[in-house]
Amino acid sequence: MIEARDLRKIYRMGSVEVAALKGVSLAIDDGEFVGIMGPSGSGKSTLLHQLGLLDTPTSGSIVISGTDVSRLDDEGRTLFRLMHLGYVFQDYALVTDLDVLENVAISAIVRGRPVDECYAAAREVLERVGLGRRLHHLIGELSGGEQQRVSIARALVNTPAIVFADEPCANLDTENSQIVLDLFRRINRDLGQTIVMVSHEPWHMDYFDRIVFMKDGLLDTERMREEGLRAK
Ligand code: ADP
Ligand code: ADP
């Protein structure tokens, strides 16, 4: 369970201030596959960064699985992220000098798990994303869709309770986007992981259990009411 209350985020650059979040409250249940949608600049990434503990809000609170993470210090946040959260980014953020298996295993190794166990877990999760035959390829030898699946495997290797994905399909064609969305859908169903994904592609809406619409730093409650009516 993720509970955010009255989240505000103001970016300060010298004397210029940008209010990216202006008081956002929301709750996401365990096992939900939630899409965060809305126009460019509406605050989707900023919201994801706060919920995923990649950044700290200017004010407001976030409780994840009973822990008030907004009260953690830097070290506590890092530890919480490592233990409970997984991330997928639009540009994959893979290590090009390592092969596929190493890219995934390293995420388990930094968590301090025994190395043999890390490689075993990495193999298993790469099998799950359909890359069991690509274990020893270098990242540069893979297509964009395959690279994104490596990054999904990396996000999953420590079986986090929550996976955050920031526009994971932004650099993929429709076919590969579908593969990635189907994969998230399947992971969510089979493993019960909570998935929170930012997207601005209207056709992605069909994949989500629920959609949080944003507009100008706030939840777009009007849009959500409209979409809710349409769904019924
Ligand atoms: P979205 O993901 O919906 O496109 P963002 O969360 O990226 O929206 O941005 C929301 C607003 O905050 C925009 O006006 C953007 O320019 C601004 N913004 C985002 N990140 C920063 C930053 N690091 N520094 C300053 N302004 C930022
Ligand atoms: P996304 O594509 O995920 O919405 P953006 O392209 O908005 O992300 O932002 C990419 C990076 O640039 C983020 O780290 C964000 O915080 C930063 N950023 C976004 N807008 C601004 C801005 N106006 N000024 C400074 N940094 C920004």
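Here's what I pulled together on the structure shown here. Only a predicted model underlies this, so the values are computations on that prediction, with no experimental measurement involved.

### Considering the layout of surface pockets
Move 1: If you add up the space inside the largest pocket, you get close to 350 Å³.
Move 2: Lining the largest pocket we find 15 residues, and of these R81, L82, L85, Y87 and S107 sit closest to its centre.
Move 3: Mapped onto the lining of the largest pocket, the elements with two or more residues apiece are α2 (74-84), β6 (85-89) and α5 (144-156).
Move 4: Broken down by element, the lining of the largest pocket gets its largest block of residues, four residues, from β6.
Move 5: Considering only residue class, the lining of the largest pocket consists of nine nonpolar, four polar and two charged.

### As for the sheet that holds strand β1 (residues 2-13)
Move 1: With antiparallel pairing, four strands are arranged side by side in an open sheet as β2-β1-β4-β5. Where the open sheet ends on each side, the last strands, each with one partner, are β2 (16-28) and β5 (67-68).
Move 2: In the sheet, strand β4 (residues 59-64) pairs with β5 via two bridges, with the strands oriented antiparallel. Across the sheet, V63 pairs through a bridge with D68, a residue of β5.
Move 3: Along the sheet face, helix α1 (residues 44-51) touches β1, β2 and β4 and points at about 120 degrees away from the line of β1.

Conventions used here
- Residues numbered from 1 in each chain as written.
- Chains lettered and ligands numbered in written order.
- Predicted model: local features only at pLDDT ≥ 70, side-chain atom pairs only at ≥ 80, totals over all residues.
- Heavy atoms only, no water.
- 1 Å grid on protein atoms, 1.4 Å probe; cavity = no way out; pocket = protein on both sides within 12 Å on 5 of 7 lines; lining within 4 Å.
- Points joined across faces, edges and corners; volume = space filled by probe spheres on them.
- Helix = DSSP H or I, 4+ residues; strand = E, 2+ residues; numbered from the N terminus.
- Nonpolar A, V, L, I, M, F, W, Y, C, P; charged D, E, K, R; others polar.
- Pairing = 2+ DSSP bridges.
- Contact = heavy atoms within 4.5 Å.
- Axes fitted to C-alpha atoms, helices over the stretch in contact; angles between N-to-C directions.

Nothing here speaks to function; it is all geometry.
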